[in-house]
Amino acid sequence: MPTVVVMDVSLSMTRPVSIEGSEEYQRKHLAAHGLTMLFEHMATNYKLEFTALVVFSSLWELMVPFTRDYNTLQVVLVTDGCLGIGRGSLRHSLATQNQRSESNRFPLPFPFPSKLYIMCMANLEELQSTDSLEYLERLIDLNNGEGQIFTIDGPLCLKNVQSMFGKLIDLAYTPFHAVLKCGHLTADVQVFPRPEPFVVDEEIDPIPKVINTDLEIVGFIDIADISSPPVLSRHLVLPIALNKEGDEVGTGITDDNEDENSANQIAGKIPNFCVLLHGSLKVEGMVAIVQLGPEWHGMLYSQADSKKKSNLMMSLFEPGPEPLPWLGKMAQLGPISDAKENPYGEDDNKSPFPLQPKNKRSYAQNVTVWIKPSGLQTDVQKILRNARKLPEKTQTFYKELNRLRKAALAFGFLDLLKGVADMLERECTLLPETAHPDAAFQLTHAAQQLKLASTGTCEYAAYDQNITPLHTDFSGSSTERM
């Protein structure tokens, strides 16, 4: 994610630091040394990273702005930990944050997703001798706990400052290198920005999932079949050219631009599978399905920035066996050669996708909705009207009965089932002497099944289970037809 570096240049940052055998340094000099190390690392490994630099004391000034707007930022605050005195100090600002107007609100929490890293030009003992550490921890807490405080281990010197910024680089700015594989073809790549660990469900599966460093292509599919799927994140896939000794070519920082251009030209002449894949996907109009981890997939595709420039991109799907329902389970996809007939037709004029669901979706059926009491009353009256016309209306009676039963179970309206069962028993007692004997059997059977379903037990309250008509045999016994 893009980075905002905020550097404290207040008077306290000019405090001298004595380093044996060298000239006197100020704390702001140590901060500048650490930031130079960070920027050089980003220039080498994060060439596409956008960074803004802000300096502040009692006022602030934007030294290097962003070139575009971003929704997610990573904020690096460089300070000596001094809280300041009086109005406008950190101590005063945190104490009065709930009393401020909306136009003058405390900047934390940021109105956008972010991580806050605080780089202290002081060691832990110095911060603990005052209440500075407590206030800095409150800043992290105000940012929803997203961030960390770094302090200098040991005496204040250039070496220890480098060590502190090295910890930040290891935590937040380590490039994600991977090996892209397809059969016997491989390529060393950098995935940018670095994929973040993903938690599927904090309650059921709280362990973050991390993508493999071996990205194996398991198949290819037409862009039209994959369509525009929902994804977690999108990343650039950049080839890393290696020389015979295994060192990166054209990625180091050089003082001479001609040397850098020469290295880039050498890297451009080395064959690379990543470049071959990008060109093939672009020409064929396909995407590559890549295995990110156990039951976790993504896709590689070509995306154009302009008419002449395009990049190899990777999008991450939701973890799971079936991230895209219209493709079915990923494990069941296979090559066309394994099929008895070409699923795309002899002329490639059809597609096997989207797969038709085994169960009809709710929007494909007549859904029972009881927004008003009159709707429920109408459905109950339909059942009673058909009950009085048994056995001629047996099929219609059970159709309406099952429709009401499913709706009641879906809504958790079990008392309705018991109430309708009582109505059917009452209708049975009101049957005239001329009524067909089968009517009494059907009404009694339907009432019993509704009462069993009203108990809510799994055996009798299964949503997909229907009440079937009772098959009667007046010459002998009565048996239920399954």
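- Naming follows an unreviewed UniProt entry, where the chain appears as von Willebrand factor A domain-containing protein 9 of Cebus imitator.
- The record held by UniProt for the chain lists under Subcellular location (unreviewed entry) the comment "Nucleus".

A short note on the side chain of T151
Reasoning step 1: By secondary structure assignment, the location of T151 is in strand β8 (residues 147-152).
Reasoning step 2: With sequence-adjacent residues up to four places away left out, T151 is seen in contact with C120, A122, N123, L124, L127 and M164.

Concerning a negative patch on the surface
Reasoning step 1: A cluster of acidic residues, E341, E346, D347 and D348, forms a negative patch on the protein surface.
Reasoning step 2: In this structure, E341 sits in the loop between β15 (310-316) and α9 (373-387).

Digging into the packing of helix α11 (residues 414-429) against helix α12 (residues 437-454)
Reasoning step 1: Running from amino to carboxyl end, α11 crosses α12 at an angle of 160°, the nearest separation of the two axes being 8 Å. As summarised for this structure, α11 and α12 are arranged roughly antiparallel, according to the angle between their axes. Of the two elements, α11 crosses α12, and the hand of that crossing is left-handed. Within the contact between the two elements, α11 uses L414, L417, K418, V420, A421, D422, L424, E425, E427 and C428 and α12 uses A440, L443, T444, A446, A447, L450, K451, A453 and S454.
Reasoning step 2: Tallied by class, the residues present in the contact of α11 with α12 amount to 12 nonpolar, 2 polar and 5 charged.

What to know about helix α4 (residues 132-142)
Reasoning step 1: The set of residues buried in α4 consists of S132, L133, Y135, L136, L139 and I140. Looking straight down α4, one finds its buried side chains confined to an arc of 165°; they lie on one side.
Reasoning step 2: For α4, the elements touching its buried residues are α2 (90-95), β7 (114-123), α3 (124-128) and β8.

Some thoughts on α9
Reasoning step 1: In a regular helix each residue adds 1.5 Å, so 15 residues correspond to 21 Å; α9 covers 21 Å between its end C-alpha atoms and thus fits that length.
Reasoning step 2: Listed in full, the buried residues belonging to α9 are L376, D379, V380, I383, L384, N386 and A387.
Reasoning step 3: On the buried face of α9, the contacting elements are α10 (394-411), α11 and α12.

Points about the environment of N143
Reasoning step 1: Along the chain, N143 falls in the loop between α4 and β8.
Reasoning step 2: Look at N143 and you get buried, because its relative accessible area is 4%.
Reasoning step 3: Spatially, the C-alpha atom of N143 lies 7.2 Å from that of L116, the residues being 27 residues apart in sequence.
Reasoning step 4: Sequence-distant contacts of N143, defined by excluding residues within four places in its chain, comprise L108, F110, S114, K115 and L116.

Considerations on the sheet that holds strand β9 (residues 176-182)
Reasoning step 1: Around the barrel, which closes on itself, the 7 strands sit in the order β9-β10-β12-β15-β14-β13-β11 with mixed pairing between neighbours. This sheet shows a mean twist of 40° between the axes of neighbouring strands, independent of strand direction.
Reasoning step 2: Pairing of strand β14 (residues 296-304) with β15, which is carried by 7 bridges, proceeds in the antiparallel orientation. Of the residues in β15, the one forming a bridge with Y301 is M313.
Reasoning step 3: Relative to β15, helix α8 (residues 273-284) is tilted by about 90°, and along the sheet it contacts β9, β10 (185-192), β11 (214-222), β12 (233-239), β13 (286-293), β14 and β15.

Examining the pattern of salt bridges
Reasoning step 1: Evaluation of the coordinates by the stated rule reveals 12 salt bridges.
Reasoning step 2: Of the charged contacts in the structure, one is a salt bridge between K451 and E425, with a shortest N-O distance of 2.8 Å. A residue pair is termed long-range when its members are at least 10 positions apart, and K451 in helix α12 and E425 in helix α11 qualify at 26 residues.
Reasoning step 3: According to the relative accessible area criterion, E425 is partly exposed, its value standing at 33%.
Reasoning step 4: What you see here is one network of salt bridges that share partners, running through R15, R27, D80 and E126.

Some points on the nonpolar core
Reasoning step 1: Counting 28 residues, the largest nonpolar core has L38, V78, M119, M121, F165, L168 and Y173 as its most contacted members.
Reasoning step 2: If you list the elements that add at least two residues to this core, you get β1 (3-8), α1 (27-45), β4 (51-56), β6 (73-79), β7, β8 and α5 (158-172).
Reasoning step 3: Per-element accounting of this core gives the leading share, 6 residues, to α5.
Reasoning step 4: Look past the residues within four positions of M119 in its chain and what remains in contact with it is V76, L77, V78, T79, F150, M164, F165 and L168.

Scoring rules and cut-offs
Residues numbered from 1 in each chain as written. Predicted model: local features only at pLDDT ≥ 70, side-chain atom pairs only at ≥ 80, totals over all residues. Heavy atoms only, no water. UniProt positions renumbered as here; feature names shortened; annotations may be inferred. Helix = DSSP H or I, 4+ residues; strand = E, 2+ residues; numbered from the N terminus. Contact = heavy atoms within 4.5 Å. Patch = residues over 30% accessible without salt bridge, like charges linked within 9 Å, V, L, I, M, F, W, Y side chains within 5 Å. Areas by Shrake-Rupley, 256 points an atom, 1.4 Å probe, with all protein chains shown as cover. Salt bridge = Lys/Arg side-chain N within 4 Å of Asp/Glu carboxyl O. Lys, Arg positive; Asp, Glu negative; His and termini not counted. Charge placed at Lys NZ, Arg CZ, Asp CG, Glu CD. Axes fitted to C-alpha atoms, helices over the stretch in contact; angles between N-to-C directions. Parallel < 35°, antiparallel > 145°, perpendicular 65-115°, else oblique. Left-handed = near helix turned anticlockwise from the far one by under 90°. Nonpolar A, V, L, I, M, F, W, Y, C, P; charged D, E, K, R; others polar. Buried < 20%, exposed > 50% of the residue type's maximum accessible area, 1.4 Å probe, protein only. Arc of directions from axis to C-beta. Expected span 1.5 Å × (residues − 1). Pairing = 2+ DSSP bridges. Core = buried A, V, L, I, M, F, W, Y, C linked by side-chain atoms within 4.5 Å.

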